[in-house]
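Observations on the three-dimensional arrangement
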Amino acid sequence: MRIATYNVNSVRMRLPILERWLAEASPDLVAIQETKVEDKDFPREPFEAMGYRVEVHGQKARHGVAMLSKLPITIAARGFGDGDQEDDRRLMVADVEGIRFVNSYVPNGTQVGTDKFVYKLWWMKRLRKFLDETCDKGHPLVWLGDVNVAPTADDLHDAKRNYGKVGHHPDEFAALADVTGWGLTDVYRRFHEGPGHYTFWDYRLPKAVERGLGWRIDHIYANDAILNRFTAARVDVWPRLEEKPSDHAPVVADLDWP
DNA sequence: ATGGTGGCCATGCCA
């Protein structure tokens, strides 16, 4: 089974690249973030034509998540279901082949010290609470998506410059550790160590990919019930180098399942 | 220290 996470920064703008990448990588399950489209306007047909079931949880203009699956998929949740900020569509949960997949678009946080930064930390607290209250530690679970945190100095190109700024702040490290403390391990880091493994490059930096000016903020985590089934992980950098790219690249992982 | 690009949708805001 091959799974992937991809922040597409508008699914409609990214259709041509998505179609090329899906054909090339042929993942069985894809967690998409930043679809930026209402459910009624989601371009389902191109994905269905490629053999994918399409599940969406979107809104107009901002945020929005979706999942594509070649295998039967059952939606377990759209949003936290805790009644707070349910208009902010950043989370969906699906069961595929006996694995629970938690697809999330963690808030960016904008700037340390702002309300949005507080919201980011609070959102991650809610995610931990959601795992505690609705998921079973003994059952296979994968958490994947744009986590908007580079948790170690190796996860961004200039940790010294960015330490204490949004995306690389100790409060974010603690919030992320709180989520992973539920029992989750970073799958990508089981296969690749050291700097230079990035998934996001700011549009505003010319030749950012070529110059290595990236961040590893798109992650795949797994609990102990499934972790040892993973056999490989990679970042597909090439879609970031195409014309009209997302600012993120897809992260792909393979697992021996079932 | 500042602004750079891109997507949304119409004007600045968010990332």
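These notes cover the structure that comes with them. Every chain is numbered on its own, with residues counted from 1 as its sequence reads. Chains and ligands are labelled by the order in which they are written, letters from A for the one and numbers from 1 for the other. Residue-level local features of this predicted model are given only where pLDDT is at least 70; pairs of side-chain atoms are given and counted only at 80 or more, and the full residue set underlies all totals for whole chains, interfaces and linings. Hydrogen atoms and water are omitted, and side-chain values are computed over all heavy atoms in the structure.

**Here we look at the overall build of chain A**
Which entries qualify depends on this criterion: We count a stretch as a helix when DSSP gives it H or I for four or more residues in a row; a strand needs E for two or more, and each element gets its number in order from the N terminus. The reference for a compact globule is 2.2 Å times residues^0.38; the radius of gyration itself is calculated from the C-alpha atoms. Using a 1.4 Å probe, accessible areas were evaluated by the Shrake-Rupley method; residue-level cover was limited to the displayed protein chains. When charges are tallied, Lys and Arg are placed among the positive residues and Asp and Glu among the negative ones, while His and the ends of the chain are skipped. Charged side chains are reduced to one point each, which is NZ for Lys, CZ for Arg, CG for Asp and CD for Glu.
The helix and strand inventory of chain A stands at eight helices and 14 strands. Taken over the C-alpha trace, chain A has a radius of gyration of 17 Å; the compact-globule value for 258 residues is 18 Å, and the two agree within 12%. Each principal axis of the C-alpha distribution contributes one length, and for chain A these read about 45 × 45 × 35 Å. Carbon and sulfur atoms make up 48% of the accessible area of chain A, which amounts to about 11000 Å² in all. For chain A, the distance from the average site of its 35 positive side-chain charges to the average site of its 40 negative ones is 3 Å.

**Considerations on the layout of surface pockets**
If a probe as big as a water molecule is rolled over the atoms, it shows which places are left empty. To be explicit about the condition: Throughout, the protein atoms alone are placed on a 1 Å grid, and a set of points is a cavity if a 1.4 Å probe fits but cannot get out or a pocket if it is open with protein on both sides within 12 Å along at least five of seven lines; lining residues have an atom within 4 Å of a point. Grid points are joined across faces, edges and corners, and a volume is the space filled by probe spheres set on the points. Gly is put with the polar residues, along with every residue not named as nonpolar or charged; the nonpolar set is Ala, Val, Leu, Ile, Met, Phe, Trp, Tyr, Cys and Pro, and the charged set is Asp, Glu, Lys and Arg.
Taken as a whole, the largest pocket holds about 1200 Å³ of empty space. Taken together, 40 residues make up the lining of the largest pocket; nearest its centre are Asn 108, Thr 110, Val 166, Phe 200 and Arg 204. If you list the elements that add at least two residues to the lining of the largest pocket, you get helix 3 (115-134) and helix 4 (159-162). Take the lining of the largest pocket: its biggest share by element is three residues, from helix 3. Broken down by class, the residue content of the lining of the largest pocket amounts to twelve nonpolar, 13 polar and 15 charged.

**Structural notes on the protein's contact with DNA strand B**
Let me state the cut-off plainly: We define proximity as follows: a residue is near a molecule or strand when any one of its heavy atoms falls within 4 Å of that partner. Polar contacts, as used here, are pairs of N or O atoms within 3.5 Å; protein pairs need one atom able to donate a hydrogen and one able to accept it. Residues neighboring in sequence count only if both atoms are side-chain atoms.
Around DNA strand B, the surrounding shell holds 18 residues, and the nearest of these are Ser 10, Lys 60, Thr 110, Lys 116 and Lys 244. One nitrogen or oxygen atom from the side chain of Lys 244 is found 2.9 Å from a phosphate oxygen belonging to DNA strand B. Of the residues contributing to the surface near DNA strand B, the split by class is five nonpolar, five polar and eight charged.

**Here we look at the environment of Pro 195**
Residue placement: Pro 195 occurs in the loop between helix 6 (188-191) and strand 10 (200-201). Through-space distance from the C-alpha of Pro 195 to that of Thr 152 is 9.5 Å; in sequence the pair is 43 residues apart.

**Let's talk about the sheet that holds strand 7 (residues 99-105)**
For the record, the criterion: A pair of strands counts as paired when DSSP detects no fewer than two bridges linking them. The axes are straight lines fitted to the C-alpha atoms, using for helices just the contacting stretch, and the angles between their N-to-C directions are given from 0 to 180°. We call two residues in contact whenever any of their non-hydrogen atoms come within 4.5 Å of each other.
Taking strand neighbours across the sheet as the criterion, the six strands line up as 5-6-7-8-12-9 in an open arrangement whose pairing is mixed. Across the chains shown, the open sheet's two edge strands, defined by having one partner strand only, are strand 5 (73-78) and strand 9 (184-186). Strand-to-strand twist of the sheet, defined as the mean angle between neighbouring strand axes without regard to direction, takes the value 25 degrees. Bridge count for strand 7 against strand 8 (residues 141-146) is six bridges, and the pairing is parallel. Bridge pairing in strand 8 links Asn 103 to Leu 144. Contacting strand 5, strand 6 (91-96), strand 7, strand 8 and strand 9, helix 3 crosses the sheet at an angle of about 165 degrees to strand 7. Contacts between helix 5 (residues 170-180) and the sheet are confined to strand 8, strand 9 and strand 12 (218-223), with strand 8 contributing the most and set at about 155 degrees to the helix.

**Considering the nonpolar core**
Selection rule: In these notes, a set of buried Ala, Val, Leu, Ile, Met, Phe, Trp, Tyr and Cys residues joined through side-chain atoms within 4.5 Å is what counts as a nonpolar core. Burial here depends on accessible area, computed with a 1.4 Å probe over protein chains only, as a share of the maximum for the residue type. Under 20% is buried, over 50% is exposed, and the range in between is partly exposed.
Ranked by size, the top nonpolar core spans 34 residues in total, and within it Ile 3, Phe 101, Val 142 and Phe 230 carry the most contacts. If sequence neighbours within four positions are ignored, Val 142 has contacts with Ile 3, Ile 99, Arg 100, Phe 101, Val 102, Ile 220, Tyr 221, Ala 222, Ile 226 and Phe 230. Core analysis: the next-biggest nonpolar cluster, separate from the first, contains 25 residues, Phe 80, Cys 135, Trp 143 and Leu 176 among them.

**Observations regarding the side chain of His 57**
With respect to the secondary-structure elements, His 57 resides in strand 3 (residues 53-57). When residues no more than four places from it in sequence are discounted, the contact partners of His 57 are Asp 39, Gly 64, Val 65, Arg 78, Gly 79, Arg 89, Leu 91 and Met 92.

**Focus: the environment of Glu 193**
As for its placement among the helices and strands, Glu 193 is situated in the loop between helix 6 and strand 10. Considering only alpha carbons, one finds Glu 193 and Arg 89, 104 residues apart in sequence, at a separation of 33 Å.

**Section: the packing of aromatic side chains**
Basically, it comes down to this: Only rings of Phe, Tyr and Trp enter the pairing, Trp through its six-membered ring, and a pair is recorded when the two centres are within 6.5 Å. The plane angle decides the type: under 30 degrees is stacked, over 60 is edge-to-face, the rest tilted.
Summed over the entire model, instances satisfying the criterion amount to seven aromatic pairs. Residues Tyr 119 and Trp 122 carry aromatic rings whose centres are separated by 5.9 Å and whose planes lie at 45 degrees to one another, so their mutual orientation is tilted. Linking Tyr 119 with Trp 122, this pair stays in helix 3, spanning three residues, or about one helical turn. Among the aromatic residues, those joined into a cluster by ring pairs are Phe 80, Trp 123 and Phe 130.

**Notes on the pattern of salt bridges**
What counts is decided by this rule: The salt bridge criterion pairs a side-chain nitrogen of Lys or Arg with a carboxyl oxygen of Asp or Glu, the two atoms within 4 Å.
Taken as a whole and assessed by the stated rule, the structure comprises 19 salt bridges. Between Arg 100 and Asp 95 there is a salt bridge, and its shortest N-O distance comes to 2.9 Å. Asp 95 gets classed as partly exposed once you look at its relative accessible area, which sits at 23%. Ionic contacts of the salt-bridge type, sharing partners, join the residues Lys 125, Arg 128, Asp 132 and Asp 178 into one network.

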